[in-house]
Amino acid sequence: MTAPSDARPRGTRLPRLARRRQLLAAAQEVFVAQGYHAAAMDEIADRAGVSKPVLYQHFPGKLDLYLALLDQHTEILVEKQRAALESTDDNRQRVVASFRAYFDFVAGEGEAFRLVFESDLRNLPAVREKTEQTLRRCADLIGEVIRQDTSISDDEAHLLSMGLVGMAETSARYWLGNYGSIPKEAAEQLIARLAWRGISGWDLTRG
């Protein structure tokens, strides 16, 4: 396999943050391609163009690398969801934007979504806690909008928001697995329409 474009010849010194980004990019390629358990620190170091001691200076072990990547990409997903909900005051368009955020995430460069949704470490407590926390954070953002714009209870809003997040994740991953059968924008609109038909049944103050 070829080295990533940002790999440097061994011995080239980089600022610490730049080196960290380089190592994380290399690790992402290896983890996505092989899964956590089959990935080797030797290969990650080679992919990044560094020696193993340099890799271990930044990340004491393979799990540290993986958790750093998980932190990075779960934060990206939450921020995509936040930006989608803040992009408009029209609730119907908010639903569309919210589903688009998930489709954009799973279709993103580098297949980072596999680290979040399809990890072979999902049963590890630290990984499970992070992924469940991400689900809750996305649902909390949606639930807050539902609470503000309907007359339903907090518990009902939370349940609805969890259902919407689950629908977004499942449909986006299924769409990607059948990539090409339905254009991305059409798929987003289709699932958003389904969700809107449900959520608009409540008394909305906007949209």
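Up top is the structure.
Residues numbered from 1 in each chain as written. Predicted model: local features only at pLDDT ≥ 70, side-chain atom pairs only at ≥ 80, totals over all residues. Heavy atoms only, no water.

Draft legend 1. The pattern of salt bridges, seen in detail. Following the criterion strictly, the structure yields 17 salt bridges and no others. Between R47 and E29 there is a salt bridge, with the nearest N and O atoms lying 2.5 Å from each other. On the criterion of sequence distance, the pair formed by R47 in helix α2 (residues 41-48) and E29 in helix α1 (residues 16-34) is long-range, its members being 18 residues apart. Take E29: its relative accessible area is 32%, and that puts it in the partly exposed class. Overlapping salt bridges, with partners in common, bring together E111, R114, E118, E169 and R173 in one network. (Salt bridge = Lys/Arg side-chain N within 4 Å of Asp/Glu carboxyl O. Helix = DSSP H or I, 4+ residues; strand = E, 2+ residues; numbered from the N terminus. Buried < 20%, exposed > 50% of the residue type's maximum accessible area, 1.4 Å probe, protein only.)

Draft legend 2. Spatial organisation of the packing of helix α5 (residues 91-106) against helix α7 (residues 125-149). Where α5 meets α7, the closest approach of the two axes is 12 Å, and the angle between their N-to-C directions is 175 degrees. Here α5 lies roughly antiparallel to α7, going by the angle between them. Within the contact between the two elements, α5 uses N91, R94, S98 and Y102 and α7 uses C138, I142, V145 and D149. The residue inventory of the contact of α5 with α7, partitioned by class, reads four nonpolar, two polar and two charged. (Axes fitted to C-alpha atoms, helices over the stretch in contact; angles between N-to-C directions. Parallel < 35°, antiparallel > 145°, perpendicular 65-115°, else oblique. Contact = heavy atoms within 4.5 Å. Nonpolar A, V, L, I, M, F, W, Y, C, P; charged D, E, K, R; others polar.)

Draft legend 3. Inspection of the nonpolar core at higher detail. In this structure, F31, I44, L55 and L65 are the most contacted members of the largest nonpolar core, which totals 57 residues. Taken together, the elements giving at least two residues each to this core come down to α1, α2, α4 (62-86), α5, α6 (113-117), α7, α8 (154-177) and α9 (184-199). The element contributing the most residues to this core is α4, with eight residues. In contact with F31, not counting residues within four places along its chain, are Y36, A39, I44, K62, L65, Y66, L69 and L115. (Core = buried A, V, L, I, M, F, W, Y, C linked by side-chain atoms within 4.5 Å.)

Draft legend 4. Up close: the side chain of K62. Tracing the backbone shows K62 in helix α4. One polar contact links the side chain of K62 to the main-chain carbonyl oxygen of Y36, over a distance of 2.9 Å. With near-sequence residues (within four places) excluded, K62 lies in contact with F31, Y36, H37, A39 and M41. (Polar contact = N/O pair within 3.5 Å; in protein donor to acceptor, adjacent residues only side chain to side chain.)

Draft legend 5. Spatial organisation of empty space enclosed by the protein. Evaluation of the coordinates by the stated rule reveals one cavity of 30 Å³ or more. Of the pockets and cavities examined, the largest cavity occupies roughly 230 Å³. V95, I142, I146, L164 and I199 are the residues nearest the centre of the largest cavity, which is lined by 17 residues in total. Looking at the lining of the largest cavity, the elements that each hand over two or more residues are α5, α7, α8 and α9. The element that contributes the greatest number of residues to the lining of the largest cavity is α5, accounting for six residues. (1 Å grid on protein atoms, 1.4 Å probe; cavity = no way out; pocket = protein on both sides within 12 Å on 5 of 7 lines; lining within 4 Å. Points joined across faces, edges and corners; volume = space filled by probe spheres on them.)

Draft legend 6. The arrangement of α2 in detail. Along α2, the residues classified as buried are M41, I44, A45, R47 and A48. Projected onto a plane normal to the axis of α2, the buried residues spread over an arc of 160 degrees and lie on a single side. Once α2 ends, the next one or two residues include G49, with phi positive near 75 degrees. (Arc of directions from axis to C-beta.)

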